[in-house]
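One-letter residues, chain by chain:
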Amino acid sequence: MKTWILAGTLGACALLANAQSLPDSQTVVIPGGRLQTIELPAQRHFMNAQDFAPFRGGYELANGQVLHLRNAGSIGAMYARIDDQDEHRIIAATSNSFVALDRQLAMRIDLRDDGSVGGEVLMMVPAESLASGEVVPAHVQNMSLASR
């Protein structure tokens with residue numbers, strides 16, 4: 001009796017193992033969902049220094065880096081940088097989103113009534129060569145805003 005139960009169990013396991021491996025012709029390939037570029041808006045949103053004032057300051061990103069926003073000059077030019085990296089001149093795409101003119105950075109900042117902050121930052125990551133010789137193409141990294 002034990003032999004029959006063991007044989008049945010082994011047979012069921014063999015069928016399940018066979019069902020899990022598909023030949024290459026039946027493999028489903030899902031294309032990579034990496035965003036490759038950051039686009040400038042078709043039309044800029046007008047934002048003066050007073051409108052930009054609530055957005056000025058530092059924002060901690062989910063990965064530990066800090067996004068800094070400031071404006072300067074009599075025309076209220078707006079700038080963004082992450083940590084100690086180069087600064088990027090930004091324009092308003094909407095009332096709460098901004099894009100760097102060099103298309104290296106984009107952000108959406110949701111200032112909530114309770115004082116908390118939400119949103120996301122897109123940063124262009126340059127192509128890099130790995131030790132294996134493989135090249136990782138330039139792509140856009142998506143980071144969430146964690147706090148202000």
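Computed from a predicted model, the values in this text were never measured in an experiment.

Calculation criteria
- Residues numbered from 1 in each chain as written.
- Predicted model: local features only at pLDDT ≥ 70, side-chain atom pairs only at ≥ 80, totals over all residues.
- Heavy atoms only, no water.
- Core = buried A, V, L, I, M, F, W, Y, C linked by side-chain atoms within 4.5 Å.
- Buried < 20%, exposed > 50% of the residue type's maximum accessible area, 1.4 Å probe, protein only.
- Helix = DSSP H or I, 4+ residues; strand = E, 2+ residues; numbered from the N terminus.
- Contact = heavy atoms within 4.5 Å.
- pLDDT = per-residue confidence, 0-100.
- Phe/Tyr/Trp six-rings, centres within 6.5 Å; stacked < 30°, edge-to-face > 60°.
- Pairing = 2+ DSSP bridges.
- Axes fitted to C-alpha atoms, helices over the stretch in contact; angles between N-to-C directions.

### Here's the deal with the nonpolar core
Line of reasoning, step 1. Residues Leu67, Leu69, Ile90, Phe98, Met107, Ile109 and Val121 are the most contacted members of the largest nonpolar core, which totals 22 residues.
Line of reasoning, step 2. Elements with a contribution of two residues or more to this core: β1 (57-61), β2 (66-72), β3 (77-82), β4 (88-94), β5 (97-100), β6 (105-111), β7 (117-125) and β10 (139-147).
Line of reasoning, step 3. Excluding anything up to four places from it in sequence, Leu67 contacts Gly57, Gly58, Tyr59, Leu61, Ala80, Arg81, Ile82, Met107, Val121 and Leu145.
Line of reasoning, step 4. Counting seven residues, the second-largest nonpolar core is a separate cluster that includes Ile38, Val99, Leu122 and Val140.

### Observations concerning the confidence of the model for the protein chain
Line of reasoning, step 1. Averaged over every residue, the pLDDT of the protein chain is 81; the share at 70 or more is 76%.
Line of reasoning, step 2. Confidence drops under pLDDT 50 across residues 28-32; counting only partners more than four residues distant or on other chains, this segment forms zero contacts.

### Some details on the packing of aromatic side chains
How two aromatic rings sit relative to each other is given by the distance of their centres and the angle of their planes.
Line of reasoning, step 1. Within the structure shown, the criterion is met by three aromatic pairs.
Line of reasoning, step 2. Where Phe55 meets Phe98, the ring centres are 5.2 Å apart and the plane angle is 75°; that geometry is what we call edge-to-face. Highlighted residues: Phe55 in the loop between α2 (49-52) and β1 and Phe98 in strand β5, separated in sequence by 43 residues.
Line of reasoning, step 3. By relative accessible area, Phe55 is classed as buried at 6%.
Line of reasoning, step 4. Through pairs of rings, three or more aromatic residues link up here, namely Phe52, Phe55 and Phe98.

### Description of the sheet that holds β1
Line of reasoning, step 1. Spatial strand order, β1-β2-β3-β4-β5-β6-β7-β10: eight strands in a closed barrel with antiparallel pairing. Ignoring which end each strand starts from, the neighbouring axes of this sheet average 35° apart.
Line of reasoning, step 2. Relative to β2, β1 is paired through four bridges, and the arrangement is antiparallel. Looking at the pairing, Gly57 lines up with Leu69 of β2.

### Observations concerning the pairing of β6
Line of reasoning, step 1. As judged from the three bridges shared by β5 and β6, these two strands associate in the antiparallel manner. Across the sheet, the residue bridging to Ser97 is Arg108, located in β6.
Line of reasoning, step 2. Linking β5 back to β6 in an antiparallel pair, the connection comprises four residues, with Arg103 at a positive phi of about 60°.
Line of reasoning, step 3. Note that β6 and β7 share seven bridges and pair antiparallel. Counterpart to Leu105 in the pairing with β7 is Met123.

### Re the environment of Glu128
Line of reasoning, step 1. Topologically, Glu128 is positioned in strand β8 (residues 128-129).
Line of reasoning, step 2. Once the C-alpha coordinates of Glu128 and Ala138 are considered, the two residues, ten residues apart in sequence, prove to be 7.5 Å apart.
Line of reasoning, step 3. Discounting chain neighbours no more than four positions away, the residues touching Glu128 are Glu134, Val135 and Val136.

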